[in-house]
Amino acid sequence: MTRRTDMTALLSTARIRAALTAMFLAFGLSACGINNVPTLEEQAKAAWSEVQNQYQRRADLIPNLVETVKGFAQQEREVLTQVTEARARATQVQVDASTVTDPEKFRQFQEAQNQLSGALGRLLATVERYPELKSNANFLALQSQLEGTENRIAVARRDYISTVQAYNTELRTIPGRWIAGILYPEAKPMETFTATAGSDRPPPVKF
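Not measured: the values here are computed from a predicted model.

A. How the structure looks around the packing of helix 2 (residues 36-72) against helix 4 (residues 103-126). Running from N to C, helix 2 and helix 4 point in directions that differ by 30 degrees, and their axes come no closer than 12 Å. The angle between the axes of helix 2 and helix 4 places the two elements in the roughly parallel class. With respect to the hand of their crossing, helix 2 and helix 4 are arranged in left-handed fashion. On the side of helix 2, the interface is formed by W48, Y55, R58, I62, L65, V66 and V69, while helix 4 contributes F106, F109, Q113, L116, S117, L120, L123 and L124. Among the residues making up the contact of helix 2 with helix 4, the classes are represented as twelve nonpolar, two polar and one charged.

Printed below as a string of C-alpha cells:
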C-alpha cells in the first residue's frame, strides 16, 4: 500500500513538473517572439484590406461624378471617357491574397490606381470652367465624399506601409528570421507602395 502511495505521489509530482515545464517553455517561446511573424502578418493583411476598401469606395463614387459632370459639360467627352476607362482598368486588376507578396501584381495594382488618380484629377480640373456645375448640390455632395475618400486612402496607405515595414523587418532580422525559417517557411516579405511626387498628401480636389 505504501509503495502504491509513493508511486502515485511520484507520478503526481512528475505531472506537476511537466505541466510547469510546459508553462515555462510556452512563456519563454512567447517572450522570444515566436508569435511575432503571424501576428505582424495578420496586421499587414488587415491594413491591406483597408487600402482596398478605400480604393473601392473611390471607384464607387466615380460613376455618379461622371454622370453629374456630363449633365453640365457634355463637351468634355474626352476627359469623361478617360476617367471611365481608367476606372474600368483599375477595377479589372485582379487583387487577391498573393498581390502583396507578388511584385508584378502589386505594381499593376498601383499603376492602375495612379492612372485613375491622374484621369480623375484632369476631370476635376475642367469643373472650373462650369460655374453652374460647381454650385450644383449633387456635385457638392460628391465633392465632399471624394475629398473624404482621398484622405482615407492616404491614411490607409500610410498605415499599410507602417505595418508592412514592421512585418518585413521581423522576417529579415534575428531572431525573427530564424523563427520564420523554422516555423513559418511560407511567410514572404510584402510589397509596399512606391513613393511618387505628392504621395504624402491626397490629390487636390478644390473647386
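B. Layout of the side chain of T99. Note that T99 resides in the loop between helix 3 (77-92) and helix 4. Residue T99 is classed as buried on the basis of its relative accessible area of 0%.

C. Expanded view of the environment of V100. If you trace the backbone, V100 turns up in the loop between helix 3 and helix 4. Assessed through its relative accessible area of 3%, V100 is described here as buried. In sequence terms V100 and A44 are 56 residues apart; their C-alpha atoms lie 9.3 Å from each other. When sequence neighbours within four positions are dropped, the list of residues in contact with V100 reads W48, F106, Y160, P189, M190 and E191.

D. Main features of the confidence of the model for the protein chain. On average, residues of the protein chain carry a pLDDT of 85, and 78% of them reach 70 or more. Across the protein chain, the secondary-structure element scoring lowest on mean pLDDT is helix 1 (residues 2-31), at 52, and the one scoring highest is helix 6 (residues 137-172), at 96. Low pLDDT, under 50, characterises residues 22-30; the predicted model gives this stretch one contact beyond four residues in sequence or across chains.

E. Spotlight on helix 2. Helix length check: helix 2 (37 residues) gives 55 Å between terminal C-alpha atoms against 54 Å at 1.5 Å per residue, within 8%. At I62, helix 2 is deflected by roughly 30 degrees, the largest bend along its length, and proline P63 occurs up to four residues later in sequence.

F. Quick peek at the environment of T192. Looking at where T192 falls in the secondary structure, it is placed in the segment after helix 7 (176-183). Of the residues examined, T192 reaches a relative accessible area of 32% and is grouped as partly exposed. Taking the C-alpha atoms as reference, T192 lies 9.3 Å from R107; in sequence the two are 85 residues apart. Apart from residues no more than four positions distant in its own chain, T192 is found in contact with F106, Y160, I161 and V164.

Rules behind the numbers
- Residues numbered from 1 in each chain as written.
- Predicted model: local features only at pLDDT ≥ 70, side-chain atom pairs only at ≥ 80, totals over all residues.
- Heavy atoms only, no water.
- Axes fitted to C-alpha atoms, helices over the stretch in contact; angles between N-to-C directions.
- Helix = DSSP H or I, 4+ residues; strand = E, 2+ residues; numbered from the N terminus.
- Parallel < 35°, antiparallel > 145°, perpendicular 65-115°, else oblique.
- Left-handed = near helix turned anticlockwise from the far one by under 90°.
- Contact = heavy atoms within 4.5 Å.
- Nonpolar A, V, L, I, M, F, W, Y, C, P; charged D, E, K, R; others polar.
- Buried < 20%, exposed > 50% of the residue type's maximum accessible area, 1.4 Å probe, protein only.
- pLDDT = per-residue confidence, 0-100.
- Expected span 1.5 Å × (residues − 1).
- Bend = angle between axes of the 7 residues up to and from the residue.

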